[in-house]
Amino acid sequence: MLTDLVQIKRLGEQNKAENARFRAYFRRHRHSDRRLRRFGEEIEDEIDCTACANCCRVTEVGITEKDVEKLAKFVGTSPGEFVEQFTALDGGGAMILKKNEAGCVFLEGNLCSVYAARPHNCANFPHVVRGTGSIASRMWEFVDRVNYCPIIYNWMEKVKDDIGFR
């Protein structure tokens, strides 16, 4: 199980073309979501996200109005105050959590200070075991995440090995 973030980034970049071909292959062939989720569960069980928290450092987290309400209540502000203090708009105009030099504004070390009320997007991350739609429909996200998430990197390599892709 590879967890070194420097190696994951290097290998992810090195395998970028292969991973793009894999995504295309994956979309053209039928696969058992149950089996793919089981691989994800096995890998998630072996990797402690709090030892990494790289997703909190490098990604932008899209949030919904429901997330805002839950987070505002958790931090003790009104939804309007929460939006003003803790959110920004991304390039497409969608609401995201603000970031600072460490990453997500709620990241403290490797821990989420609002974990009990974290956004739905964060709760489902990295979207292998939990997520909307089939794994094949979410595969486009994984090709980028393979460069920074040990779970996605190891999952993708395991699936490639399992189906004999190379």
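Here the structure is shown first, and the text comes after it.
Below: a short report on this structure. (Residues numbered from 1 in each chain as written. Predicted model: local features only at pLDDT ≥ 70, side-chain atom pairs only at ≥ 80, totals over all residues. Heavy atoms only, no water.)

**Overview of the layout of surface pockets**
Point 1. Volume-wise, the largest pocket comes out at about 910 Å³.
Point 2. Around the largest pocket sit 40 residues that line it, and Cys-55, Cys-56, Asn-121, Cys-122 and Phe-125 are the ones nearest its centre.
Point 3. For the lining of the largest pocket, the secondary-structure elements that each account for two or more residues are helix 4 (54-58), strand 6 (111-112), helix 7 (120-124), helix 8 (135-145) and helix 9 (150-163).
Point 4. Looking at the lining of the largest pocket, the element that brings in the most residues is helix 8, giving four residues. (1 Å grid on protein atoms, 1.4 Å probe; cavity = no way out; pocket = protein on both sides within 12 Å on 5 of 7 lines; lining within 4 Å. Points joined across faces, edges and corners; volume = space filled by probe spheres on them. Helix = DSSP H or I, 4+ residues; strand = E, 2+ residues; numbered from the N terminus.)

**A few points about the side chain of Glu-44**
Point 1. Mapped onto the elements, Glu-44 comes out in helix 3 (residues 33-46).
Point 2. On the basis of relative accessibility, which here comes to 18%, the residue Glu-44 falls in the buried class.
Point 3. Setting aside residues up to four positions removed in sequence, Glu-44 forms contacts with Pro-126, Val-129, Arg-130 and Ile-151. (Buried < 20%, exposed > 50% of the residue type's maximum accessible area, 1.4 Å probe, protein only. Contact = heavy atoms within 4.5 Å.)

**Examining the packing of aromatic side chains**
Point 1. Considering all chains together, one arrives at eight aromatic pairs under this definition.
Point 2. Here the aromatic rings of Tyr-25 and Phe-165 are separated by 5.3 Å at their centres, their planes lie at 50°, and the arrangement is tilted. Taken together, the positions of Tyr-25 in helix 2 (residues 16-28) and Phe-165 in the segment after helix 9 put the pair 140 residues apart, joining distant regions of the chain.
Point 3. The class of Phe-165 is buried, set by a relative accessible area of 12%.
Point 4. Taken together, the ring pairs in this structure connect Phe-22, Tyr-25, Phe-26 and Phe-165 into an aromatic cluster.
Point 5. Directly above the aromatic system of Tyr-115 lies the positively charged group of Arg-118, at a separation of 3.8 Å from the ring centroid. (Phe/Tyr/Trp six-rings, centres within 6.5 Å; stacked < 30°, edge-to-face > 60°. Lys NZ or Arg CZ within 6 Å of the ring centre and 35° of its normal.)

**Observations concerning the packing of helix 8 against helix 9**
Point 1. Contact geometry for helix 8 and helix 9: axes closest at 10 Å, N-to-C directions at 120°. In terms of their interaxial angle, helix 8 and helix 9 are classed as oblique. Considering only the axes of helix 8 and helix 9, their crossing is left-handed. Counting all contacts with helix 8, which are made through Ile-135, Met-139, Phe-142, Val-143 and Arg-145, the residues of helix 9 involved are Ile-152, Trp-155 and Met-156.
Point 2. In terms of residue class, the contact of helix 8 with helix 9 is built from seven nonpolar, no polar and one charged. (Axes fitted to C-alpha atoms, helices over the stretch in contact; angles between N-to-C directions. Parallel < 35°, antiparallel > 145°, perpendicular 65-115°, else oblique. Left-handed = near helix turned anticlockwise from the far one by under 90°. Nonpolar A, V, L, I, M, F, W, Y, C, P; charged D, E, K, R; others polar.)

None of the figures reported here should be taken as evidence of function without further support.
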